[in-house]
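Coordinates in review
Chain residues, written in single-letter form:
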Amino acid sequence: MAEDRFDVLVIGAGPAGLTAGLYASRAGLKTAIVEKGAPGGQIATTDLVDNYPGFPEGILGPDLSQLMEKQAVRFGSQLIYDEVTGLKPREDGSWEATMYGGAKVARTVIVASGAYERKLGAPGEDRFRGRGVSYCAICDGAFFKGGKVAVVGGGDSALTEGLYLTRVVEEVTIIHRRDEPRAAYDLQQRAKANPKIRWILSHVVEGMEGDDQLRRLILRSTKDGSLQELQVDGVFIYIGMVPNTGFLAGVVERDEAGYILATPSLQTSAPGIWVAGDARAGSLAQVSTAVGEGAIAALEAEAYLGRWEAGQKPPWPRLEKVTL
Ligand code: NAP
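One structure accompanies this document, and this report is about it. Nothing here was measured: the structure is a model prediction, and the numbers come from that model.

**Looking at the environment of Glu-209**
As for its placement among the helices and strands, Glu-209 is situated in strand S14 (residues 203-210). Contacts of Glu-209, omitting those with residues within four sequence positions, involve Phe-128, Leu-214, Arg-215, Arg-216 and Ile-218.

Written out as structure tokens, the structure is:
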């Protein structure tokens, strides 16, 4: 049987990956996008994307995901629902991507594998996962209709999802370890003005307790160490992200947190592999920057394939953590 061979293999179908697929397939390159979950990545489980240009009223994350997917597929990108577990170099300069459904070979690879939610590591977190502990408000918010929930974190995600939850539950308590959130000004203003949101600042979650369901959080003050209990029906944890790059250990250079190092044109340390979006060291983790990075990576891959066909070896510039 002839092996599946692509010009461009994109890993991840979030905004970066779908845009890379759109650009690569539109350039006439045989392109596959591999996705282990649902197309859209993080925006597939985001309520409202309010800062992506072209949608003055904002757009629902799942709707934007579907539109991006449709556009990539329209130009010929093939979506493969599988998980890339490793990349191996081949003698001819191409890469073999191992997957559960069988390996695929590609002359270039664009890593757009994004990042996933960090766990808190508090006692009870694993025990009550799915029984009160959640990492996705849009997926699980409805289970707590009319109830009281907490959101842990002070970044854009915590406040965006806290605001979403106010539409479903009676009360949202945002618990943040410092006395000031780091979220964007606009989000802070909206959250502070929302009567359903209350704040417990300068506290961390010390433990989670309950019976067959989570019932209460044990909170510790970061100012004086005092403890207090908070009765809740659920808790949503939004304390930042971890990059999905474990499968690339030893293949491309990563920083100490696992983010992939790249040049300003998004080349990784491995020839023929680019990185776009939240998995990249220095990424701004915005939909609008992710799509830009997807486009850059695809255009760079296209140019590389052109040089490959002309028999030229590209120079390999120095890697750094770049904020584009
Ligand atoms: P983030 O910006 O890294 O914020 C993480 C928050 O969790 C911080 O407030 C941090 O506290 C807190 N935290 C971290 N570890 C903790 C721990 N062990 N215990 C308690 N609190 C902890 O993460 P994010 O909110 O998920 O956002 C990730 C990226 O996506 C950001 O670049 C963000 O701008 C972007 N994003 C953008 C939008 C939007 O534009 N609408 C929406 C969502 C996300 P400290 O502040 O004390 O460090």
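From this point, the discussion proceeds with the structure in view.
**Here's the deal with the sheet that holds strand S17 (residues 234-237)**
The parallel open sheet is built from five strands, whose spatial order is S10-S17-S11-S12-S13. Both edges of this open sheet fall to strand S10 (133-134) and strand S13 (197-201), since each of them pairs with a single strand only. Bridge analysis of strand S12 (residues 171-176) against S13 gives five bridges, and the strand direction is parallel. Note on S13: the bridge partner recorded for Ile-175 is Ile-200. Most of the contacts of helix H4 (residues 156-165) go to strand S11 (residues 148-152), to which it runs at about 170 degrees, and overall it touches S11, S12, S13 and S17.

**Describing the pattern of salt bridges**
Evaluated as defined, the whole model comprises 18 salt bridges. Notably, a salt bridge pairs Asp-47 with Arg-167, separated by 2.9 Å at the nearest N-O pair. Taken together, the residues Asp-47 in the loop between strand S2 (31-35) and strand S3 (48-49) and Arg-167 in the loop between H4 and S12 connect sequence positions 120 residues apart. For Arg-167, a relative accessible area of 58% corresponds to the exposed category. With a shortest N-O distance of 3.4 Å, Arg-198 and Glu-171 are connected by a salt bridge. Taken as a pair, Arg-198 in strand S13 and Glu-171 in strand S12 lie far apart in primary sequence, 27 residues in all.

**Brief notes about unusual backbone geometry**
Most peptide bonds adopt trans geometry, and most residues besides glycine take a negative phi value. A positive phi is found at Leu-266, a non-glycine position, where the angle reads about 70 degrees. In this structure Leu-266 comes out as buried when scored by relative accessible area, which is 0%. Residues other than glycine seldom take positive phi values, yet Ala-285 does so here, at roughly 55 degrees. Here Ala-285 is to be found in the loop between strand S19 (273-275) and helix H6 (287-309).

**With respect to the sheet that holds strand S16 (residues 227-231)**
With antiparallel pairing, the three strands of this open sheet are ordered in space as S14-S15-S16. Looking at which strands have only one partner, the edges of the open sheet turn out to be S14 and S16. This sheet shows a mean twist of 30 degrees between the axes of neighbouring strands, independent of strand direction. Of the pairings in the sheet, the one linking S14 to strand S15 (residues 214-221) comprises seven bridges and is antiparallel in character. Among the inter-strand pairings, Glu-209 is bridged to a residue of S15, identified as Arg-216.

Quick notes on the rules
Residues numbered from 1 in each chain as written. Predicted model: local features only at pLDDT ≥ 70, side-chain atom pairs only at ≥ 80, totals over all residues. Heavy atoms only, no water. Helix = DSSP H or I, 4+ residues; strand = E, 2+ residues; numbered from the N terminus. Contact = heavy atoms within 4.5 Å. Pairing = 2+ DSSP bridges. Axes fitted to C-alpha atoms, helices over the stretch in contact; angles between N-to-C directions. Salt bridge = Lys/Arg side-chain N within 4 Å of Asp/Glu carboxyl O. Buried < 20%, exposed > 50% of the residue type's maximum accessible area, 1.4 Å probe, protein only.

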